[in-house]
Amino acid sequence: MASPSRSGVFEMATDHRVELFSESISFDRRLYAHDIRGSIAHAQMLASVGVLLAEEAEQIEAGLLQIQAQIEAGEMVFQIGLEDIHMHIEQALIDQLGDVGRKLHTGRSRNDQVSTATRLWIRDAIDRVDGLLAEVQRAFIDRCDHDVEVILPAYTHLQRAQPVLAAHYWLAYCEKFARDRSRLADCRRRVNTSSLGTVALAGTSIPIDREDVARRLGFEAVAANSIDVSSDRDFVLETAFVLTVIAEHLSTWAEEWILWSTVEFGFIELPQEFCTGSSIMPQKINPDVLELTRGKTGRVVGNLQTLLVLAKGLPLAYNRDLQEDKQPLFDSFDTIEAILGLAAPMIRGMRLQEDAIASGLDHGYLDATTFMEYLIKEGMPQRTAHHLVGEIVGKARRERVPLAELPLAAFQESHPDLDERVFDVLGVQKAVAAFVSYGSTAPQEVARQIADWKQRLADDATEVVTEETL
Ligand code: ARG
């Protein structure tokens, strides 16, 4: 079918190869509900300013809702001749209503229409991702109570560094996802700006009311400059960036748990429902979901790259290049939503190998830093204490024993002032208890963080309920 966008100026039909090359219906059909929502608001606004009769707007609204039901029932026939979802819906409306349907596109263009539908779609998708991130945070916080006694080695350079409570690890991820949620919320404010009524690029002579349509669609602001809107894809770029940071965080988590689930680390057992087997090695229980989480991060990073290059160097205002933003945008959301949906149950189902972890804690001199800090508190300059503890660790390494198992004589040989009180600060338990500064790993500090988080997540839940109720 000839596209309604092909005006009387054309004497020739579009070459079929061009239709194939330039269609977007194969992927932008996902915008149907948001396109319809935008069109209904537009028609209502046109009626409110007297451009349409109230009955016409009502007919248009009823017609569009019927089209939505048809699409949802799988009854819409998609065809590349109609290019995109916007033309499909408009054509279906014209087929249904004739001239009344032909009036819908008054005072708008596909440029502001596409931007509006995309913004509405992203707004919903951001809210879904935010909910999934909250669920992952809840999964980690629930673990905190469960794993409250467990101490894990923490690493820098993937070398054993200092001991921490397992809950301290879980809280670290909660913080990362909190920043992600805050970035999403910030980005949502700019996404949630109305472009409708900027029309092709210069506005319109039709007496539209942009504030009215923005209010009907729940937008927080009205974009101020029509040329800007016609060319703007910042909101897609920044959304893709925020999703990329989320993917990076998930990839770190995945990599860490892949390592921890190896025999070499032996810290965790992954829930078997989320693992796969080997077709040849019968003993294998493989962490494929985590590996794919790490691997799919590559696509999310790639999607951001695609979008950045796409937007680079386009002259103002609209250019057809912008149609290419949908697939990377959709793919990043699909990927992140899929990962997050699996992350929460995996976090809940993981089992810490507490005995194996505990029996390994004496390796790696995790108490060396707090021993050094004990000496500092006794009046020794930091650099002197740092050197001295290094020397004593060297002795213990040569003897293959933990610091607490060296005889007092070995300490005194390095420094005559040392006495048996050193044994009061050695050992992993004591080291953990000693880290009392704000945000650190001592049990009371971690308990404070857990309590804060429970409060934050409870406030969160109340907010959602209130928003829904309003
Ligand atoms: N399918 C196109 C897209 O999604 C529609 C853009 C229409 N605008 C235009 N000037 N051709 O971007």
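Residues numbered from 1 in each chain as written. Predicted model: local features only at pLDDT ≥ 70, side-chain atom pairs only at ≥ 80, totals over all residues. Heavy atoms only, no water.

(A) Just the overall build of the protein chain, in detail. Each helix and strand counted, the protein chain has 19 helices and six strands in total. Its C-alpha atoms put the protein chain at 100 × 50 × 45 Å along the principal axes. Out of the 470 residues in the protein chain, the part that is buried amounts to 49%. In the protein chain, the share of contacts with a sequence separation of at least 24, taken over all contacts with a separation of at least 6, comes to 75%. Approximately 22900 Å² of the protein chain is accessible, and the part contributed by carbon and sulfur atoms is 53%. Here the protein chain contributes 46 positively and 72 negatively charged side chains, and the mean placements of these two sets differ by 3 Å. (Helix = DSSP H or I, 4+ residues; strand = E, 2+ residues; numbered from the N terminus. Buried < 20%, exposed > 50% of the residue type's maximum accessible area, 1.4 Å probe, protein only. Contact = heavy atoms within 4.5 Å. Areas by Shrake-Rupley, 256 points an atom, 1.4 Å probe, with all protein chains shown as cover. Lys, Arg positive; Asp, Glu negative; His and termini not counted. Charge placed at Lys NZ, Arg CZ, Asp CG, Glu CD.)

(B) Structural view of the site of the ligand. The immediate surroundings of the ligand are formed by Ser-24, Glu-83, Asp-84, Arg-110, Asn-111, Val-114, Tyr-318, Arg-320 and Gln-323. Between Asp-84 and the ligand, the recorded distance is 2.7 Å, taken from a side-chain N or O atom to a nitrogen atom. In the model, a nitrogen atom of the ligand is placed 2.9 Å from a nitrogen or oxygen of the Asn-111 side chain. Coverage of the ligand by the protein amounts to 84% of the 340 Å² it exposes when considered alone. A breakdown of the residues in the shell around the ligand according to their chemical character gives two nonpolar, three polar and four charged. (Near = heavy atom within 4 Å. Polar contact = N/O pair within 3.5 Å; in protein donor to acceptor, adjacent residues only side chain to side chain. Nonpolar A, V, L, I, M, F, W, Y, C, P; charged D, E, K, R; others polar.)

(C) A look at the pairing of strand 1 (residues 151-156). Pairing of strand 1 with strand 2 (residues 159-165) involves six bridges; the strand directions are antiparallel. Considered in strand 2, the bridge of Pro-153 is made with Pro-163. Hairpin connection from strand 1 to strand 2: two residues lie between these consecutive antiparallel strands, with His-157 at a positive phi of about 60 degrees. (Pairing = 2+ DSSP bridges.)

(D) Here's a closer look at the nonpolar core. Counting residues in each nonpolar core, the largest one holds 105 residues, and the members touching the most others are Phe-140, Trp-170, Trp-253 and Trp-257. Sorting elements by how many residues they give to this core places helix 11 (residues 234-260) first, with 14 residues. Those residues in contact with Trp-257 that sit more than four places away from it in its chain are Phe-140, Trp-170, Ile-268, Leu-270, Leu-290, Met-346, Ile-347 and Met-350. By size, the runner-up hydrophobic cluster in this structure holds 22 residues, among which are Phe-371, Leu-388, Val-389 and Leu-426. (Core = buried A, V, L, I, M, F, W, Y, C linked by side-chain atoms within 4.5 Å.)

(E) The arrangement of unusual backbone geometry in detail. Following Leu-316, the chain continues into Ala-317 via a peptide bond in cis, with omega recorded as 0 degrees. Among the secondary structure elements, Ala-317 is positioned in the loop between helix 12 (288-311) and helix 13 (326-349). In this structure, Glu-83 is a non-glycine residue whose phi angle is positive, near 60 degrees. By secondary structure assignment, the location of Glu-83 is in the loop between helix 4 (54-72) and helix 5 (85-97). In this structure, Leu-158 is a non-glycine residue whose phi angle is positive, near 55 degrees. Of note, Leu-158 is situated in the loop between strand 1 and strand 2.

(F) Geometry of the side chain of Arg-119. Inspection of the secondary structure assignment puts Arg-119 in helix 7 (residues 110-146). Aside from chain neighbours lying at most four places away, what touches Arg-119 is Arg-190, Val-191, Thr-193, Ser-195, Phe-219, Asp-232 and Phe-235.

(G) Examining the packing of helix 4 against helix 5 more closely. Where helix 4 meets helix 5, the closest approach of the two axes is 10 Å, and the angle between their N-to-C directions is 120 degrees. In this view, helix 4 runs oblique relative to helix 5, as classed from their interaxial angle. The handedness of the crossing between helix 4 and helix 5 is right-handed. Contacts between helix 4 and helix 5 involve Gln-59, Ile-60, Gly-63, Leu-64, Gln-66, Ile-67 and Ile-71 on the former and, on the latter, Ile-85, Ile-89, Ala-92, Leu-93, Gln-96 and Leu-97. Residue classes in the contact of helix 4 with helix 5 are distributed as nine nonpolar, four polar and no charged. (Axes fitted to C-alpha atoms, helices over the stretch in contact; angles between N-to-C directions. Parallel < 35°, antiparallel > 145°, perpendicular 65-115°, else oblique. Left-handed = near helix turned anticlockwise from the far one by under 90°.)

(H) A look at helix 12. Compared with the 34 Å implied by 1.5 Å per residue over 24 residues, the 35 Å span of helix 12 between its first and last C-alpha is a close match. Residues of helix 12 that are buried include every one of Val-289, Leu-290, Thr-293, Thr-297, Val-300, Asn-303, Leu-304, Leu-307 and Leu-310, and no others. The inward-facing, buried residues of helix 12 abut helix 11 and helix 13. Looking at the residues trailing helix 12, positive phi occurs at Gly-313, about 75 degrees. (Expected span 1.5 Å × (residues − 1).)

(I) Representation of a nonpolar patch on the surface. Together, Leu-201, Ile-227 and Leu-316 make up a nonpolar patch on the protein surface, roughly 280 Å² of accessible area in all. As for its placement among the helices and strands, Leu-201 is situated in the loop between strand 3 (193-194) and helix 9 (210-216). (Patch = residues over 30% accessible without salt bridge, like charges linked within 9 Å, V, L, I, M, F, W, Y side chains within 5 Å. Salt bridge = Lys/Arg side-chain N within 4 Å of Asp/Glu carboxyl O.)

(J) The arrangement of the packing of helix 7 against helix 8 (residues 166-191) in detail. One way to put it is that helix 7 packs onto helix 8 with a least axis distance of 9 Å and a crossing angle of 165 degrees. Viewed along their axes, helix 7 and helix 8 adopt a mutual orientation that is roughly antiparallel. Like other packed secondary-structure pairs, helix 7 and helix 8 cross with a definite hand, here left-handed. Looking at the contact of helix 7 with helix 8 residue by residue, the classes come out as 19 nonpolar, one polar and nine charged.

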